[in-house]
Amino acid sequence: MSATLTTAVIGTGAISQEHLDFLSRERVSHIVGVCDLSRASARYAASRFPDARAFTNHHEMLDTLRPDVVHVLTPPQTHAAICRDCLEAGAHVFVEKPVALTYEDFQKLWTTAERYDRRLIEDHNYRFNTPVQTLEQLVAEGQLGEIREVEVRMALALHRGNRYNDPHLSHPSHQLPAGVIHEFLPHLAYLALRFLPRVDRVVAAWRNESGNPAFQYDDLDALVFSSNIHARLRFSCHTQPDCFTVTLRGTEGWAQADLFHPCVQTSWTREAGPFSPLLNQMLGGAVLLSAGVANLRRKILQETPYEGMHRLLRMTYECLHRGEEPPITFDDMDRTSRLIDSLLDEANRL
Amino acid sequence: MKLLVTGATGFLGRHVVVEALRRGHHVRAMVRPDTSEDALPWRPTAGLTFVRADLRSPRGLREAVRGVDAVLHLAAAKTGDFYTQFRGTVNATENLLNAMADESIRRLVQVSSFSVYDYEKLRCGSTLTEDSQLIDIYADRDAYAITKLLQEQLAREFAEEHGGLVTILRPGVIYGRGNSWTARLGVQWGHRWIRIGANAPLPLIYVEHCAEAVVLAAEKPASIGQTINLVDDDQPTQRRYMRALAAHAPERPTIIPINWSCMRLLARLAILTNNLLFGGRARLPGILIPARLHARCKPLRYDNQRMKSLLAIQPRYDLQTALARCFTTPESVVTPLADGHTVDKEVQDACASPI
């Protein structure tokens, strides 16, 4: 791929490391600028790239550099305004999730993108992780039969000492409509929607089990009904250990993808007839053992669960180079944004 | 002088507050917003006020620095991932310096670290001075070293861009009560102490001496524009210091010595293996990364001439006495007053608490 596109990055928080690592390694574009409210942060990030300039004002950066692509990696509250500025400045936008805080804001952004003939791409990175792609392949091959149940489960101990629960400094996610869970909600939504043809009804139980005033909610249990399929979206700060799984149950078998410790476990009716359960268990044991070894290697090699983001970014840049539609489409973002709105809708709450 | 102390509740900070009070200064100690008053290491005393702020956010920092004669900047993040340490050290310093510039506060004493030196470039047995080469920001060093280097760069820019009157202090290994072990000895593994090397001098500075140096730096105009290493005269070898620590340990440790040259060879082999088998991507422990191993255990000498000439400091305790103060009960230790200063009983009480 020739490096004809110019790219700028806005925001240098923790997630920027993954974007900057990708951009420095893959050379899919020419990095021309990094912007952050902190001059020190912008300069440090920009120093990784020979021709990148540091800015503390994104308007100034857009006016000066006129980049082809902008990665928007700022806190979610700022996405809508910054993305709009970037689109109006003629840049394609790759934005961290959630693209906007409401469906209405997403629609406005999309209208702006269309008006300026620019691409708007929300980061649905876990969709491109190998275990999820394996699930999609199993479904496509019909190994699981007709899918009837989907469960996306995430457990993160956000109450323990970390940046989401710093008693001295409030995290920006605390100001989001669903509090800290809002940061993770798009992952649950877009992963479930991969296996749901449509959404008929949503029921969501939002709770703050710990009573921690900084956390608006720390627990979500939601059901999404879609004709003969239903999905469960589950986020917990209290169950341990930390996990992130997608489970599909079909008429012929089930499969579970582990995204934090990559592995896909499966169980279905085999030709072994009555011995199928035993065979499934034995093969499952072998899969777990092999995944354990592979994940030990991943740990040693400092590989992160962001392999999907790198894959998505690679595909996105290829599409931008060729002028084709990016891998995350309007429909993907539209459905995700609408589902999040439904989950937060008072009418749908238990 | 009116002094603002950041990182005031930290290991060094609490001693700096006491030392500044002992020397008759008015101290504004910066504590984090949610810190309970019961958890503060000082008792209320004349000349000591608190300001609640978190340096990672600019909120309230202008008010915090307003009206002070100097800022003694000790705050830094020592743990967490790179991003956490960047915020707690680099962004924090940037916010502080912006507030100082806005309030026209020019005097800054920046407490940096010996970690900013490039130890790999130094020959074994050579002398490390303030002029020794520094690492670059992409060196294979830990997040603490990199962020402290960036912090120093910000302080120097503050001097250039805002006419800041800056002193950069680089303490060696600060030791004191509850903080007597140093990674320069090797690795602690339960009651097994793995000592890497034996004869390397340790750049120790007792915490009370270091605190005095920080306050003296604010007082002495000669220190402006200077970078000063802070180390005591008494620089014991690793063997001697470990023996002294072992004598005070509740359970006699098993000391496992590893020769420095062997360890250096082992680290080289580890890097070679990593490069050959894993493309250099494998995560290795710090002691197997040459740049970090050298920073910890390389046998070097340490010079403190600049500290003595610019700060005119006379360390109060030799190593033995200082170690004795580390391992006796707090109540039995009262810091003597500096000559020519009178300190009332309240300050004496405040002094007694953290020592």
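By convention here, each chain's residues receive numbers from 1 onward along its written sequence. For naming, the first written chain is A and the first written ligand is 1, with later ones following in the order written. Whole-chain, interface and lining totals are the exception, using all residues; otherwise, since this is a predicted model, local features are given only for residues with pLDDT of at least 70 and side-chain atom pairs are given and counted only at 80 or more. Hydrogen atoms and water are omitted, and side-chain values are computed over all heavy atoms in the structure.

1. Things to note about the pattern of salt bridges
Residues and elements named next belong to chain A. This is how it is decided: Salt bridge, as used here, is a side-chain nitrogen of Lys or Arg placed within 4 Å of a carboxyl oxygen of Asp or Glu. Runs of H or I in DSSP of at least four residues are treated as helices and runs of E of at least two as strands, each being numbered from the N terminus. Here the term buried applies to any residue with accessible area under 20% of the maximum for its type, exposed to any over 50%, and partly exposed to those in between, with areas from a 1.4 Å probe on protein chains only.
All chains considered together, the criterion is met by 45 salt bridges over all chains. Across the pair R338 and D334 runs a salt bridge, and its minimum N-O distance is 2.9 Å. Here R338 pairs with D334, and both are found in helix 10 (residues 330-344), just four residues apart, close to one helical turn. By relative accessible area, which is 5% here, D334 ends up buried.

2. Observations regarding the side chain of B:E103
All names here are of chain B. Note the cut-off: Any pair of nitrogen or oxygen atoms within 3.5 Å is treated as a polar contact; in protein, a donor-acceptor pairing is required on top of that, and neighbouring residues in sequence qualify only through side-chain atoms on both sides. It only takes one pair of heavy atoms within 4.5 Å for two residues to be counted as in contact.
Along the chain, E103 falls in the loop between helix 3 (82-102) and strand 5 (107-111). Reaching out from E103, the side chain makes a polar contact with the side chain of R62 at a distance of 2.8 Å. A polar contact of 2.9 Å, which involves the side chain of E103, links it to the side chain of R66. Beyond its immediate stretch of four places on either side in the chain, E103 contacts R62, V65 and R66.

3. Thoughts on the packing of helix 1 (residues 11-22) of chain B against helix 5 (residues 207-219) of chain B
Residue and element names in this part refer to chain B. Just so we agree on the cut-off: Axis angles are defined between N-to-C directions and span 0 to 180 degrees, where every axis is a line fitted to C-alpha atoms and, for a helix, only to the segment in contact. Oblique is the label for every angle not falling under 35 degrees (roughly parallel), over 145 degrees (roughly antiparallel), or within 65 to 115 degrees (roughly perpendicular). By definition, turning the near helix anticlockwise from the far helix through less than a right angle yields a left-handed crossing, and turning it clockwise yields a right-handed one.
Helix 5 packs onto helix 1 with a crossing angle of 60° between their chain directions and a minimal axis gap of 8 Å. On the basis of their axis angle, the class for helix 1 and helix 5 is oblique. As helix 1 packs across helix 5, the resulting crossing turns out to be right-handed. Within the contact between the two elements, helix 1 uses F11, L12, H15, V16, E19 and A20 and helix 5 uses V207, E208, C210, A211, E212, V214 and V215.

4. Brief notes about the interface of chain B and chain A
Counted only if it meets this: By buried area we mean the combined loss of accessible area, with a 1.4 Å probe, across both parts when two parts are placed together.
Counting residues at the interface gives 25 residues for chain B and 22 residues for chain A. Around 2000 Å² of area is buried between chain B and chain A when both sides are counted, 52% of it from carbon and sulfur atoms. On the chain B side of the interface with chain A, the three residues burying the most area are B:Y83, B:Y138 and B:R281, jointly 28% of the side's total. There are five salt bridges connecting chain B and chain A. Between chain B and chain A we count 16 residue pairs in polar contact (both at pLDDT 80 or more) in total. Elements with a minimum of two residues in the side of chain B that touches chain A: helix 3 and helix 4 (143-162) of chain B.

5. Some details on unusual backbone geometry
Negative phi values dominate among residues other than glycine, just as trans dominates among peptide bonds. Residue and element names in this part refer to chain A. Cis geometry marks the peptide bond from K97 to P98, where omega comes out at -10°. Residues Q240 and P241 are joined by a peptide bond in cis, for which omega reads 0°. Among the secondary structure elements, P241 is positioned in the loop between strand 10 (229-236) and strand 11 (243-250). Although it is not a glycine, R27 adopts a positive phi angle of roughly 50°. Along the chain, R27 falls in the loop between helix 1 (16-26) and strand 2 (30-35).

6. Some details on the sheet that holds strand 9 (residues 219-226) of chain A
All names here are of chain A. Let me state the cut-off plainly: Strand pairing follows a simple DSSP-based rule, namely that at least 2 bridges must link the two strands.
Ordered by their spatial adjacency, seven strands build an open sheet running 8-9-10-7-11-12-13, and the pairing between neighbours is mixed. Single-partner strands in this sheet number two, and they are strand 8 (201-207) and strand 13 (263-268). Averaged over all pairs of adjacent strands, the angle between their axes in this sheet comes to 10°, without regard to strand direction. The sheet contact formed by strand 11 and strand 12 (residues 253-258) spans five bridges and is antiparallel. The partner of T245 across the bridge, within strand 12, is D258. Docked against the sheet, helix 10 engages strand 8, strand 9 and strand 10, running at close to 60° with respect to strand 8.

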